Amino acid sequence: MMNLNARLDPVLAIAGGHARDVDADARFPEEAVAALRESGLLGLTLPAEAGGLGGGPHELVDVLGSLAGVCGSTAMIYLMHVSAAMPVAAAPPPGLPDVVADLAGGRALGSLAFSEAGSRSHFWAPVSRARLNGAGVRLNAVKSWVTSAGHADVYIVSTLTADADGVDLFAVPASTPGVEMAGRWRGMGLRGNASTPMTFDAEVPESYRLGAAGAGLDLMLQTVLPWFNLGNAAVSVGLSRAAVDAAIRHTSAARLEHLDESLSALPTIRAQLARMSIELASTAAYLTQAAGRLAEPREDTMLHVLGVKAAANDAALRITDAAMRVCGGAAFSEHLQIDRYFRDARAGHVMAPTADVLYDFYGRAITGQPLFESQPSVTAQAPA
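Residues numbered from 1 in each chain as written. Predicted model: local features only at pLDDT ≥ 70, side-chain atom pairs only at ≥ 80, totals over all residues. Heavy atoms only, no water.

Caption draft 1: Region of the structure containing the pairing of strand 5 (residues 167-173). Burial runs high along strand 5: 7 of the 7 residues are buried. Here strand 5 shows a buried face lined by Val 167, Leu 169, Ala 171 and Pro 173 and a second buried face lined by Asp 168, Phe 170 and Val 172. Linking strand 4 (residues 154-160) to strand 5, which pair antiparallel, is a turn of 6 residues; within it Asp 163 sits at a positive phi near 60°. (Buried < 20%, exposed > 50% of the residue type's maximum accessible area, 1.4 Å probe, protein only. Helix = DSSP H or I, 4+ residues; strand = E, 2+ residues; numbered from the N terminus. Pairing = 2+ DSSP bridges.)

Caption draft 2: Representation of the packing of aromatic side chains. In this structure the tally under the stated criterion is 5 aromatic pairs. Between Phe 123 and Trp 124, the aromatic rings sit 5.3 Å apart at their centres with planes inclined by 85°, giving edge-to-face as the arrangement. Accessibility expressed as a relative area gives 6% for Phe 123, which makes it buried. Since its relative accessible area comes to 9%, Trp 124 is described here as buried. Judged by centre distance (5.3 Å) and plane angle (75°), the ring pair of Trp 145 and Trp 185 falls under edge-to-face. Of the two residues, Trp 145 sits in strand 3 (residues 136-146) while Trp 185 sits in the loop between strand 6 (179-181) and strand 7 (196-204), which places them 40 residues apart along the sequence. Trp 145 gets classed as exposed once you look at its relative accessible area, which sits at 56%. (Phe/Tyr/Trp six-rings, centres within 6.5 Å; stacked < 30°, edge-to-face > 60°.)

Caption draft 3: Representation of helix 10 (residues 355-366) in the model. The end-to-end C-alpha separation of helix 10 is 16 Å, in line with the 16 Å expected for 12 residues at 1.5 Å each. All of the buried residues along helix 10 are Ala 355, Val 357, Leu 358, Phe 361, Arg 364 and Ala 365. Lining the buried residues of helix 10 we find helix 6 (216-253), helix 8 (301-332) and helix 9 (338-350). Looking one or two residues past helix 10, Gly 368 carries a phi angle of roughly 75°, positive in sign. (Expected span 1.5 Å × (residues − 1). Contact = heavy atoms within 4.5 Å.)

Caption draft 4: View of the pairing of strand 1 (residues 110-113). Of the two faces of strand 1, the one holding Gly 110 and Leu 112 and the one holding Ser 111 and Ala 113 are both buried throughout. Bridge analysis of strand 1 against strand 4 gives 4 bridges, and the strand direction is parallel. Residue pairing in the sheet places Leu 112 in a bridge with Ile 156 of strand 4.

Caption draft 5: Highlighting the packing of helix 3 (residues 57-70) against helix 6. Running from amino to carboxyl end, helix 3 crosses helix 6 at an angle of 40°, the nearest separation of the two axes being 7 Å. Between helix 3 and helix 6, the interaxial angle falls into the category oblique. Relative to helix 6, helix 3 is oriented so that their crossing is right-handed. Contact with helix 3, carried on its side by Pro 57, Leu 60, Val 61, Leu 64, Gly 65, Ala 68 and Gly 69, involves Trp 227, Leu 230, Gly 231, Ala 234, Val 235, Gly 238, Leu 239 and Ala 242 of helix 6 and no other residues of that element. Here the residues of the contact of helix 3 with helix 6 sort into 11 nonpolar, 4 polar and no charged. (Axes fitted to C-alpha atoms, helices over the stretch in contact; angles between N-to-C directions. Parallel < 35°, antiparallel > 145°, perpendicular 65-115°, else oblique. Left-handed = near helix turned anticlockwise from the far one by under 90°. Nonpolar A, V, L, I, M, F, W, Y, C, P; charged D, E, K, R; others polar.)

This is the structure we're talking about:
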């Protein structure tokens, strides 16, 4: 199907070469994103007939895990592009006939604009509502935590359906009048992904909508959620693997001169490294299984969709914390970069849907309850 390594290796070299200054300066990784555009990987999961590579969940996991291991910010920017592109491909907006091809070919970088302060991490429940007027649809939404804010070319914006119950998704080009960003992103981790609030006070044609009026919730749950959760878990696993590898390298090389032995000769250090490695292997196996469930859906596919992000997010918290502990002062400084993995890993747990929300959803699913009390028809079905 494709030689992923030939496409990915140059991107990894560029992203890794700039990861330190992207983190230190909290700047958008322009060089890495440009390399992604050129590589064709922005179309990794999009259909070949639209100019994409036709890849699936396993390929996405491989690419995202590798990217996260060199630059978490670049990996998250890439994940948000994929998460935005997949619903566009599933329900192409007729008013933007070239948008799928542009997203696939690197001419357009996409991102999601779902979260709002009024509903916070409950991304599926926007509080903004579109209005119909003679010229089209008026959006009036203030979005928080928009990755690639000010850098993406197309934003997928959620809003309550005008004059009806339901949720709509609109593909909104960045050049649309009334699309603005606010402030500058300086987070604890993922400091280069430009996750600032944005305002969409814009008039767009109804033909920019993805699917029929009110179809947005299904697209969120059946298309966006599976790809985003799987990809987010892959980022957590990639960060965890980078932390484990760095910890093993450091403790194997650093020496206690008065004992004439390496740090890894200490039983306490070896035990910590073993626990980290075993948890990483277990989480990576679950991630591979979840990717398989998306590639070939089964009855329990949605359980994997709900569980894999929460499990991988929490594993990354524990693994990167342990890496900081076993490497001591060397990790507390910046030269090992374990501190960056530690900080970047904190984002996944609180990124909507948060790990705690996913545990609740998982519990609802296994006890036969609807995922959303306000939408009793929404149950844990395999994604389309």
